[in-house]
Amino acid sequence: MPTGELKQRIKDLKRKKNAILLVHNYQRPEIQEIADFIGDSLDLSRKAKETEADIIVFAGVTFMAETAKILSPLKKVLMPEPAARCPMAEMAKPDKLKKFAEQYPDAEIVAYVNTTAEIKAMADVCVTSSNAVKVVDNLDGRRIIFIPDKNLATYVSIYVKDKEIIPWDGYCYVHNAFTEDDLYEIKDEHPQAVIISHPECREEVIMNSQYVESTQGMMRLAKELSASEFVFFTEEGLTKRARREIPDKKFYSTSKLAVCEEMKKITLEKIYESLLYERYEVVLEQDIIERASRALNRMLELS
Ligand code: 13P
Ligand code: SF4
């Protein structure tokens, strides 16, 4: 089916079924173009909680759709491609976390939203890339198990000095691939460009960037700052979005191709079929929803 017709059919189905399409910043451009809302993990979870729609179709990876279900348990949440799973979220398994936490009985468990619902259910609080520093800073405890991203854990520990952060050994293969050399290379090519990196990047990248932001924070800064050239050290979907929405500024790509293959598994066709057949519905155990919602709602209160 031609792209235009597919987009129209999706729009018609959304109206007919009172559905909302939530889209992450790394999704394909043609999907972003028909989104009801595009954003980072925090924005999207707030939208999922607030929406009055009957159906939420989530164009993102599974942990994002699960988060929507946990925050809006009475809604039907559809995942167009359930095989789109964040590899970093898969690096944290409940049995391993249980054993790990037994070594630090006085520690609070902080789970990045890039985790499965089962891990969120074991956590004291969740965080996203845009509120991790603020939420951890607001906790009373002095010891924190931070799961699963070791780079985000390091970033938090740079700002939160009065707590011991015990990192899990996980990482994002897209962001962890960037090195200091990649950063110096692009600085040489475009000395005027403002470098903004995602906190999932290595410390060596973060420390040499002018700003560190979530994906939505990068968009906001690119609009607000008077600078006219930027490099985002993150997945390329965001750079494409910025070029489309801020055409009077320049957004250079990093030399390393930064593509999250999982995010790209979602297509317009799959969204259309998802809405048409109301598949694949996110189903979670009630007990998991209740426990995970405590950690997610605590995050929303603290951020
Ligand atoms: P954001 O919440 O910053 O959009 O990050 C989500 C993510 O998966 C980054 O790789
Ligand atoms: Fe996971 Fe990295 Fe993809 Fe984000 S970019 S969904 S952290 S693999």
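In what follows, the structure referred to is the one given above.
Residues numbered from 1 in each chain as written. Chains lettered and ligands numbered in written order. Predicted model: local features only at pLDDT ≥ 70, side-chain atom pairs only at ≥ 80, totals over all residues. Heavy atoms only, no water.

Taken together, Tyr26, Val61, Cys86, Pro87, Met88, Asn114, Cys172, Tyr173, Glu200, Cys260 and Met263 make up all the residues around ligand 2. Broken down by class, the residue content of the shell around ligand 2 amounts to nine nonpolar, one polar and one charged. (Near = heavy atom within 4 Å. Nonpolar A, V, L, I, M, F, W, Y, C, P; charged D, E, K, R; others polar.)

Okay, the pattern of salt bridges next. One pass over the full model with this rule turns up 26 salt bridges. Residue lysine 150 pairs with aspartate 169 through a salt bridge whose shortest N-O separation is 3.7 Å. Of this pair, lysine 150 sits in helix H8 (residues 150-159) while aspartate 169 sits in the loop between strand S8 (164-167) and helix H9 (180-189), placing them 19 residues apart in sequence. Owing to a relative accessible area of 29%, lysine 150 belongs among the partly exposed residues under this scheme. (Salt bridge = Lys/Arg side-chain N within 4 Å of Asp/Glu carboxyl O. Helix = DSSP H or I, 4+ residues; strand = E, 2+ residues; numbered from the N terminus. Buried < 20%, exposed > 50% of the residue type's maximum accessible area, 1.4 Å probe, protein only.)

For the rest of this paragraph, the subject is the site of ligand 1. Near ligand 1 the following residues occur: His24, Tyr26, Asp40, Ser41, Asn114, Ser129, His175, His198, Glu200, Ser214 and Thr215. Taking asparagine 114, its side chain carries an N or O atom lying 3.2 Å from an oxygen atom of ligand 1. Notes on ligand 1: free accessible area 300 Å², of which the protein chains cover 96%. Considered class by class, the residues forming the shell around ligand 1 number one nonpolar, eight polar and two charged. (Polar contact = N/O pair within 3.5 Å; in protein donor to acceptor, adjacent residues only side chain to side chain. Areas by Shrake-Rupley, 256 points an atom, 1.4 Å probe, with all protein chains shown as cover.)

So, about H9. Among all positions in H9, only Asp182, Leu183 and Ile186 are buried. Buried positions in H9, seen along its axis, are confined to an arc of 100° and lie on one side of it. The exposed set on the far side of H9, more than 90 degrees from its buried face, consists of Asp181 and Asp188. (Arc of directions from axis to C-beta.)

Another point: the packing of aromatic side chains. Within the structure shown, the criterion is met by six aromatic pairs. Geometrically, the ring pair formed by phenylalanine 100 and tryptophan 168 is edge-to-face, given 5.0 Å between the ring centres and 75° between the ring planes. Of this pair, phenylalanine 100 sits in helix H5 (residues 94-102) while tryptophan 168 sits in the loop between S8 and H9, placing them 68 residues apart in sequence. A relative accessible area of 18% places phenylalanine 100 in the buried class. We classify tryptophan 168 as buried; its relative accessible area is 9%. Geometrically, the ring pair formed by tyrosine 155 and tyrosine 159 is edge-to-face, given 5.3 Å between the ring centres and 65° between the ring planes. Separated by four residues within a single helix, tyrosine 155 and tyrosine 159 lie in helix H8, roughly one turn from each other. Looking at tyrosine 155, the relative accessible area reads 11%, which means it is buried. A connected cluster of aromatic rings, assembled from ring pairs, spans Phe100, Tyr104 and Trp168. Across from the ring centre of phenylalanine 37, 4.7 Å away, lies the NZ or CZ of lysine 47, which sits over that ring. (Phe/Tyr/Trp six-rings, centres within 6.5 Å; stacked < 30°, edge-to-face > 60°. Lys NZ or Arg CZ within 6 Å of the ring centre and 35° of its normal.)

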